[in-house]
Amino acid sequence: MVFLDIEALDDERLVPMDGSMVSGMIGLAGDLQGSVLIHLPEKVAIAVTNAFLGIEIVRLDEDVKDAVGELTNMIAGGIKFLVPEKSKDIELAIPSVVCGQGYSCEATGRFTRTAVFFGLASGRFVVEIQIKDSGGLSSR
């Protein structure tokens, strides 16, 4: 949907991302409770926005924030679509976008976190899902 060559990266090539970041977040409620997040370095967020919207943006602006929010919504919708039929009562919240450095985004309480890193020509980003535990141990 963003018209870019994107590949999932294996664990051996992963190092923490730092610098100015843009994160999109959307809450899940109902049969599946938690959050879907996407974290992109600023330059990757700009490159994805340019490809997604077919425009040429050079700095972080409202278009980038809107595009990251919409991308988060599409990813969460895709996850909702993949959930088995018996657990289809899932509602998506309105996406939120956070920009800056040195922040963290995590669910409260006990949750299981799964993250997948992706690479593209402009850098890498991570898609993360945090699901509320239903009584098991947290894997924070």
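So, here is what we can say about the structure in this document. Note that this is a predicted model, so its numbers are computed, not measured.

What follows is about the side chain of Asp-133. Note on placement: Asp-133 falls in the segment after β7 (123-132). Despite its burial, Asp-133 pairs with no opposite charge, the nearest such side chain being Arg-110 at 5.1 Å. A distance of 2.5 Å separates the side chain of Asp-133 from the side chain of Thr-112, its partner in a polar contact.

Per the counting criterion, the structure on display carries one aromatic pair. Relative to Phe-125, the ring of Phe-118 has its centre 5.4 Å away and its plane inclined at 20 degrees; by these criteria the two rings are stacked. On the basis of relative accessibility, which here comes to 22%, the residue Phe-118 falls in the partly exposed class.

The subject of this paragraph is the environment of Ile-6. Topologically, Ile-6 is positioned in the segment before β1 (7-8). Counting along the chain gives 113 residues from Ile-6 to Gly-119, while the straight-line C-alpha distance between them is 5.7 Å. Excluding residues that lie within four positions of it along the chain, Ile-6 makes contacts with Phe-118, Gly-119, Leu-120 and Phe-125.

Side chains of nonpolar character tend, in soluble globular proteins, to be buried together. Counting 14 residues, the largest nonpolar core has Ile-38, Leu-40, Val-68 and Phe-125 as the members making the most contacts within it. When residues in this core are grouped by element, the largest group, four residues, is from helix α1 (residues 42-53). In contact with Val-68, other than residues within four places in its own chain, are Val-22, Ser-23, Gly-24, Ile-38, Leu-40, Ala-45 and Val-97. Counting eight residues, the second-largest nonpolar core is a separate cluster that includes Ile-26, Leu-32, Val-83 and Ile-129.

What follows concerns the pattern of salt bridges. Any two side chains of opposite charge can pair, given that their charged atoms come close. Summed over the entire model, instances satisfying the criterion amount to two salt bridges. Here Glu-62 makes a salt bridge to Lys-65, at a shortest N to O gap of 3.2 Å. Of this pair, Glu-62 and Lys-65 both sit in helix α2 (residues 62-82), three residues apart, which is roughly one turn of that helix. Of the charged contacts, one joins Arg-113 and Glu-128 as a salt bridge, the two residues approaching to 2.4 Å between their closest N and O atoms. Residue Arg-113 is located in strand β6 (residues 111-120), and its partner Glu-128 is located in strand β7; the two are separated by 15 residues in the primary sequence. Residue classification places Arg-113 among the partly exposed positions, given a relative accessible area of 30%. The exposure class of Glu-128 is buried, given its relative accessible area of 7%.

With 21 residues, α2 extends 30 Å from end C-alpha to end C-alpha; this agrees with the ideal 30 Å at 1.5 Å per step. Those residues of α2 not exposed but buried are Val-64, Ala-67, Val-68, Gly-69, Leu-71, Thr-72 and Ala-76. Backbone nitrogen of Asp-63 and a side-chain oxygen of the N-cap are separated by 3.0 Å at the start of α2; the cap is Asp-61.

What counts and what doesn't
- Residues numbered from 1 in each chain as written.
- Predicted model: local features only at pLDDT ≥ 70, side-chain atom pairs only at ≥ 80, totals over all residues.
- Heavy atoms only, no water.
- Helix = DSSP H or I, 4+ residues; strand = E, 2+ residues; numbered from the N terminus.
- Buried < 20%, exposed > 50% of the residue type's maximum accessible area, 1.4 Å probe, protein only.
- Lys, Arg positive; Asp, Glu negative; His and termini not counted.
- Salt bridge = Lys/Arg side-chain N within 4 Å of Asp/Glu carboxyl O.
- Polar contact = N/O pair within 3.5 Å; in protein donor to acceptor, adjacent residues only side chain to side chain.
- Phe/Tyr/Trp six-rings, centres within 6.5 Å; stacked < 30°, edge-to-face > 60°.
- Contact = heavy atoms within 4.5 Å.
- Core = buried A, V, L, I, M, F, W, Y, C linked by side-chain atoms within 4.5 Å.
- Expected span 1.5 Å × (residues − 1).

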